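# Per-entry structural report
In case you want the letters, here they are:
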Amino acid sequence: MKEVILIANGDLRLSANQACEDAQAAMEAQLGAALKLEGATVKRGHAFDPVKKHGFIDSQKFGMEVFRKIDPETPLIVAEAVWQYSHHILHGLITHKGPILTVANWSGTWPGLVGMLNLNGSLTKAGVKYSTLWSEDFTDTFFVNGLHSWLRDGRVRHNTGHVHPWDEDSAPLEAVQAGVDIAETLQKDKAIIGIFDEGCMGMYNAIIPDELLHHTGVYKERLSQSALYAKMLTVSDSDAQAAYQWLVDKGLTFHFGPDEAADLTESQVLDQCKMYIAAVRMADEFGCAAIGIQYQQGLKDLAPASDLVEGLLNNVERPPVKHEETGKALYAWSALPHFNEVDECAGLDALITNRLWKKLGYAPETTLHDLRWGRQYTGDNGLGESIDEYVWVFEISGAVPPAHFAGGYKSASSERQPPMYFPAGGGTLKGISKPGTIVWSRIFVEGGILKCDLGLAEVVSLPEAETQERWDLTTPQWPIMHAVLKGITRNQMMARHKANHIQVVYAPDQAAARHGLYAKAAAMACLGMDVNLCGEI
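Calculation notes
Sequence order sets the numbering: in each chain, residues are counted from 1 along the sequence as written. Where totals are concerned, whole chains, interfaces and linings use all residues; where local detail is concerned, this predicted model gives features only for residues with pLDDT of at least 70, and gives and counts side-chain atom pairs only at 80 or more. The side-chain quantities take in all heavy atoms of the structure and omit both hydrogens and water. Helix and strand definitions here come from DSSP, where helices need a minimum of 4 consecutive H or I residues and strands a minimum of 2 consecutive E residues; each element is numbered from the N-terminal end. Using C-alpha atoms as the atom set, the radius of gyration is obtained and then compared with a globule rule of 2.2 Å times the number of residues to the power 0.38. Any two residues whose heavy atoms approach within 4.5 Å at even a single point are treated as in contact. Under the counting rule used here, the positive set is Lys and Arg, the negative set is Asp and Glu, and His together with the chain ends is not counted. Charge placement uses NZ in Lys and CZ in Arg. For Asp and Glu, CG and CD serve respectively. For two strands to pair, DSSP has to find at least two bridges joining them. Angles run from 0 to 180 degrees between N-to-C directions of axes, and those axes are lines fitted to C-alpha atoms, restricted for helices to the stretch in contact. Nine residue types can take part in a nonpolar core, namely buried Ala, Val, Leu, Ile, Met, Phe, Trp, Tyr and Cys, and a core is a set of them joined through side-chain atoms within 4.5 Å. Relative accessibility thresholds used throughout: buried, under 20% of the residue-type maximum; exposed, over 50%; partly exposed, between the two (1.4 Å probe, protein chains only). Throughout, right-handed denotes a crossover for which the path from the first strand over the helix to the second runs clockwise when the strands point away from the viewer. An angle counts as roughly parallel when it lies under 35 degrees, as roughly antiparallel when it exceeds 145, as roughly perpendicular when it falls between 65 and 115, and as oblique in every other case. It is the rotation of the near helix from the far one that decides the hand of a crossing: anticlockwise by less than a right angle makes it left-handed, clockwise makes it right-handed. Note on residue classes: Ala, Val, Leu, Ile, Met, Phe, Trp, Tyr, Cys and Pro are nonpolar, Asp, Glu, Lys and Arg are charged, and everything else, Gly too, is polar. By convention in this document, the label disulfide applies to cysteine sulfur atom pairs within 2.5 Å. Buried and open spaces are told apart on a 1 Å grid over the protein atoms alone, a cavity being a set of points where a 1.4 Å probe fits but cannot get out and a pocket being an open set with protein on both sides within 12 Å along at least five of seven lines. Residues with an atom within 4 Å of a point are the lining residues. Grid points are joined across faces, edges and corners, and a volume is the space filled by probe spheres set on the points.

Turning our attention to the overall build of the protein. A count of helical and extended segments in the protein gives 15 helices and 18 strands. Taking 2.2 N^0.38 as the reference for a compact globule, 537 residues should give roughly 24 Å; the C-alpha atoms of the protein span a radius of gyration of 23 Å, in line with that estimate. Each of the three principal axes of the protein carries a C-alpha extent, and together these read 70 × 60 × 50 Å. In the protein, once contacts between residues fewer than 6 apart in sequence are set aside, the share between residues at least 24 apart is 79%. For the protein, the distance from the average position of its 46 positive side-chain charges to the average position of its 66 negative side-chain charges is 4 Å.

And the structure:
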């Protein structure tokens, strides 16, 4: 290849694209230098916009304009240093005939890694052939060799030897039976997941086609975020105040300030309490076993962020909500699983996990995280124990249940969401996930069928200074999990994972986690999914 076309996909929000422009430009300079050393030249598929003050593709409309000018036979690189909306460019990639390479910088800051994983998952679901690479500075051997291979052959091959097909015969019968029982009951009795506006932020990979979902016994109730907002307006100030006071009494710390535009305020939190109550009441009204709120578009212009709401919903112990007319307690002492950013793959996973973990007698609180970033850590873990592991940062914008923190609500805090993404503010549910063994998973669509990858991981402690540095390098307002994926290298995980999100749930100990993993794999397989176990089991 002599000439390569490069495009940069971005956010829909102007403020985000402007703030991230410098990071994208720096990444493209490094990537361009690497391509030059390989004898290739780079031609950008679209120009910097001096009016908008950024050089990103920022809408599906603009993306179509860009692709109309690109030769479909030309080698194409999608370079990502920021979060991006996959639908801005998915149309052009679906019809592109030349080799496609998605590339991200190894940084958690904005983050391009998460955006690239979402795009990769979307391309996988769409059946588009592509290759993918990532690098800290675009000079390491892994990246250089991969780039050379793509320029020469139009393809990069990765080692995915950590992936093993599920074999029911190798698992304990008791675990398999538990999973099958849950699956068969779900298919027989059926369940509803509430979808508050589908397709958040262009996440094509997060939408399960109805005909695939129905086979599992799960059906969508398509709800509107405008209806949720309208329902918020019916929640009394006294009910919102009671929910807020419940959180204060439980020890949740709110970091308030005086400026609505930059700080978290009590009025924002009270609106979040109204959203929480409204969401529970609507879930009850429509018979939902789990719900997902899109929030990022539309609702963000009307109300504070949904993230505090999501974390509360995912927790068994949470502010009580009563039916507005009968006074009946709704979902009493039960989590109402919420899937952040209306990721239906995570929603189906959360529903199955919640029911299975309750059957097994485990704490059922589950959440998704972004597979955000990671690096090696060698030293004391802050508890007087040594650690030498590659530790991932799992992080999401607040949907983590307090049960995942060592001190529950007392070790949790709520900080204002960054104004760049969340103009109306609202608090998160921030904390550090407790040490322990987790089962991680991801449902995704490939080849027209549902698939599921599962594995085990250890959540570890890190010193306070290391945790804070990881927060500062990512998003310090959000909850964080320090995860070690046993038997899976960084590059293997990136090469295989087909989503920006990863589902996690704790088990009482390692043996229980392994038992739960087998049961969950059996349930997914019984529901018709192609199941693989990843890493050391």
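Time to look at the sheet that holds strand 10 (residues 288–293). Within a beta sheet, neighbouring strands are joined by backbone hydrogen bonds and run either parallel or antiparallel to one another. Strand order in this open sheet of three strands is 8-7-10, and the pairing throughout is parallel. Across the chains shown, the open sheet's two edge strands, defined by having one partner strand only, are strand 8 (218–223) and strand 10. Direction aside, the axes of adjacent strands within the sheet are offset by 25 degrees on average. In this structure, strand 7 (residues 191–196) lies alongside strand 10, joined through five bridges in parallel fashion. Its bridge partner being in strand 10, Phe196 is matched across the sheet by Ile293. The sheet strands contacting helix 10 (residues 266–286) are strand 7, strand 8 and strand 10, and the helix crosses strand 10 at an angle near 135 degrees. Running at roughly 145 degrees to strand 7, helix 12 (residues 344–360) makes contact with strand 7, strand 8 and strand 10 of the sheet.

To continue, consider the nonpolar core. Nonpolar side chains in soluble globular proteins tend to end up buried together. Among the nonpolar cores identified, the biggest contains 107 residues, and Trp166, Leu228, Leu348 and Met529 are the most heavily contacted of them. Here this core gets 11 residues from one element, more than from any other, and that element is helix 10. Not counting residues up to four positions away in its chain, the partners in contact with Trp166 are Ala171, Val176, Tyr518, Ala521, Ala522, Ala525, Val531, Asn532 and Leu533. Residues Trp134, Trp392, Ile438 and Ile502 belong to the second largest nonpolar core, which totals 29 residues.

This brings us to the sheet that holds strand 4 (residues 100–105). Strands sit in the order 2-1-3-4-5 across an open sheet of five strands; the sheet is parallel. The sheet terminates laterally at strand 2 (41–44) and strand 5 (131–135), the two strands that pair on one side only. The average angle at which neighbouring strand axes cross in this sheet is 30 degrees, direction not considered. Sheet analysis places strand 3 (residues 76–80) next to strand 4, joined by five bridges and oriented parallel. Following the sheet pairing, Ala79 is matched in strand 4 by Val103. Packing against the sheet, helix 1 (residues 14–37) makes contact with strand 1 (3–7), strand 2, strand 3 and strand 4, and its axis sits at approximately 140 degrees to strand 3.

What follows covers unusual backbone geometry. Note: most residues except glycine have negative phi, and most peptide bonds are trans. The omega torsion across Trp110 and Pro111 is 0 degrees, close enough to zero to call that bond cis. Mapped onto the elements, Pro111 comes out in the loop between strand 4 and helix 4 (112–126). Even without being a glycine, Lys53 presents a positive backbone phi close to 65 degrees. Positive phi values are uncommon outside glycine, yet Tyr331 reaches one of about 50 degrees. Tracing the backbone through its elements, the reader meets Tyr331 in the loop between helix 11 (307–313) and helix 12.

Further remarks concern the pairing of strand 2. Two elements, strand 1 and strand 2, share four bridges in a ladder whose sense is parallel. Opposite Val4, over in strand 2, you have Val42 as the bridge partner. Each parallel crossover has a hand, and for strand 1 linked through helix 1 to strand 2 it is right-handed.

Below, the discussion takes up the packing of helix 1 against helix 5 (residues 141–153). At their nearest, the axes of helix 1 and helix 5 sit 10 Å apart, and the two run at 60 degrees to each other. Judged by the angle between their axes, helix 1 and helix 5 are oblique. Once helix 1 is placed against helix 5, the crossing between them reads as right-handed. Judged by residue contacts, Leu31, Ala34 and Leu35 of helix 1 engage Phe143, Leu147 and Leu151 from helix 5. A per-class count over the contact of helix 1 with helix 5 returns six nonpolar, no polar and no charged.

What follows deals with the pairing of strand 7. With five of six residues buried, strand 7 lies mostly within the body of the structure. Looking at chain direction, strand 7 and strand 8 are connected through six bridges and run parallel. Looking across to strand 8, one finds that Phe196 is bridged to Leu223.

The next subject is the environment of Met494. Inspection of the secondary structure assignment puts Met494 in helix 14 (residues 490–496). The sequence separation of Met494 and Pro402 amounts to 92 residues, and the corresponding C-alpha distance is 28 Å. With sequence-adjacent residues up to four places away left out, Met494 is seen in contact with Trp106, Leu113, Met116, Leu117, Trp134 and Trp392.

Our focus in this paragraph is the state of the cysteines. Taken as a whole, this structure holds zero disulfides when the rule is applied. In this model Cys20 remains outside any disulfide bridge; the closest cysteine sulfur is found in Cys200, 16 Å from its own. The thiol sulfur of Cys534 is not disulfide-bonded, and the nearest other cysteine sulfur, from Cys452, lies at 8.8 Å.

Applying the stated criterion to the full structure yields two cavities of 30 Å³ or more. Of the volumes computed, that of the largest cavity is approximately 40 Å³. As for the largest cavity, its lining consists of Gln294, Tyr295, Gln296, Ser306, Asp307, Glu310, Asn340, Glu341, Ser397 and Phe422. Classifying every residue of the lining of the largest cavity gives two nonpolar, five polar and three charged. If you add up the space inside the second largest cavity, you get close to 30 Å³. Taken together, Cys345, Ala346, Asp349, Ser441, Arg442, Ile443, His501, Ile502 and Gln503 make up the full set of residues lining the second largest cavity. The set of elements that each furnish at least two residues to the lining of the second largest cavity consists of helix 12, strand 14 (436–446) and strand 17 (501–507). Here the lining of the second largest cavity is built from residues that sort into four nonpolar, three polar and two charged.

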